[in-house]
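# Breakdown of the fold
Each chain is listed here by its residues.
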Amino acid sequence: MKINSWEMRAKAGDENPKNGAFLVVNLTIAGDAANKGKNPNNMVTPRDFGVVGTDGAPKFSVVDAGGRQYIYDNWHSRSFNNVSGDWGKPLPPRTQGDVKTDDPEPKTLNIAFDVPRDITKPGLQIECVGMSKQKEITEVDLRLPASKK
């Protein structure tokens with residue numbers, strides 16, 4: 001997984017956010033061929049988020065300075081992804097649920113979070129099951145410029 005960039009957006013298509021703004025994170029994510037058969041649909045789906053199991057589907061949330069958590073907004077994330085594609089080729093993913101856990105080909109998409117417009121010290125929290133089979137949480141400070149590496 002690689003975090004490419006992030007930005008605040010006022011709307012998702014024609015829809016206004018309930019909390020004030022959408023924080024949109026652009027990331028590149030790939031599955032692992034070793035996951036074949038470990039998930040019935042071989043999909044990273046919202047029902048898998050935070051589940052301790054063999055597929056290690058990540059759970060994304062944004063946490064502010066006060067510790068309030070804003071969960072990945074699957075529905076509005078669709079509005080921030082280009083759905084056009086080349087004829088005969090698969091469409092790019094619209095949500096994280098479109099990324100197969102056993103497909104090692106990297107996919108780039110935007111994920112959205114409905115947050116207050118004046119959110120302070122936002123951090124992207126990524127929760128997954130590590131190699132040790134223990135839950136691991138990584139936090140990326142979204143106040144800093146995205147790395148170009």
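Check the entry above for the structure.
All of these numbers come straight from a predicted model, not from anything done at the bench. (Residues numbered from 1 in each chain as written. Predicted model: local features only at pLDDT ≥ 70, side-chain atom pairs only at ≥ 80, totals over all residues. Heavy atoms only, no water.)

### Section: the overall build of the chain
If you tally the helices and strands in the chain, you get one helix and seven strands. Secondary structure elements in the chain, listed N-terminal to C-terminal, are β-β-β-β-α-β-β-β. Across the 149 residues that make up the chain, the buried fraction comes to 43%. When contacts within the chain are restricted to residue pairs at least 6 apart in sequence, those whose partners lie at least 24 apart make up 63%. Here the chain displays about 8800 Å² of accessible surface, and carbon together with sulfur accounts for 51% of that area. (Helix = DSSP H or I, 4+ residues; strand = E, 2+ residues; numbered from the N terminus. Buried < 20%, exposed > 50% of the residue type's maximum accessible area, 1.4 Å probe, protein only. Contact = heavy atoms within 4.5 Å. Areas by Shrake-Rupley, 256 points an atom, 1.4 Å probe, with all protein chains shown as cover.)

### Thoughts on the side chain of aspartate 64
For aspartate 64, the location among the structural elements is in the loop between strand S3 (59-63) and strand S4 (69-71). With a relative accessible area of 8%, aspartate 64 lands in the buried category. Among the polar contacts made by the side chain of aspartate 64, one reaches the main-chain amide nitrogen of glycine 66 at a distance of 3.0 Å. Dropping the residues within four chain positions of it, aspartate 64 is found in contact with Tyr70, Ile119, Thr120 and Lys121. (Polar contact = N/O pair within 3.5 Å; in protein donor to acceptor, adjacent residues only side chain to side chain.)

### Regarding the nonpolar core
Ranked by internal contacts, the top residues of the largest apolar core, which has 18 residues, are Val25, Phe60, Val62, Ile111, Phe113 and Leu124. For this core, the elements supplying multiple residues, two or more each, are strand S2 (20-29), S3, strand S5 (107-116) and strand S6 (123-129). Ignoring sequence-local partners within four residues, the contact set of phenylalanine 113 consists of Ala21, Phe22, Leu23, Val25, Phe60, Ser61, Val62, Tyr70, Ile71, Tyr72 and Leu124. Within the second largest apolar cluster, five residues are counted, among which are Ala12, Phe22, Phe80 and Ala112. (Core = buried A, V, L, I, M, F, W, Y, C linked by side-chain atoms within 4.5 Å.)

### Comments concerning the environment of aspartate 141
Structurally, aspartate 141 can be placed in strand S7 (residues 135-141). For the pair aspartate 141 and glutamine 125, spaced 16 residues apart in sequence, the C-alpha separation works out to 8.9 Å. Each residue touching aspartate 141, except ones within four places of it in the same chain, is listed here: Trp6 and Pro122.

### Concerning unusual backbone geometry
Positive phi, close to 50°, is recorded for lysine 121, a residue that is not glycine. Residue position: lysine 121 is located in the loop between S5 and S6. With relative accessibility at 52%, the residue lysine 121 sits in the exposed group.

### Quick look at the sheet that holds S2
Strand order in the open sheet made by the three strands is S1-S2-S5, with antiparallel pairing throughout. Edge positions in the sheet fall to strand S1 (2-9) and S5, since each has one partner strand and no second. Put simply, the sheet's adjacent strands are angled 20° from each other on average, direction ignored. One ladder, built from ten bridges, connects S2 with S5; its direction is antiparallel. In the strand pairing of S5, asparagine 26 is matched with asparagine 110. (Pairing = 2+ DSSP bridges. Axes fitted to C-alpha atoms, helices over the stretch in contact; angles between N-to-C directions.)

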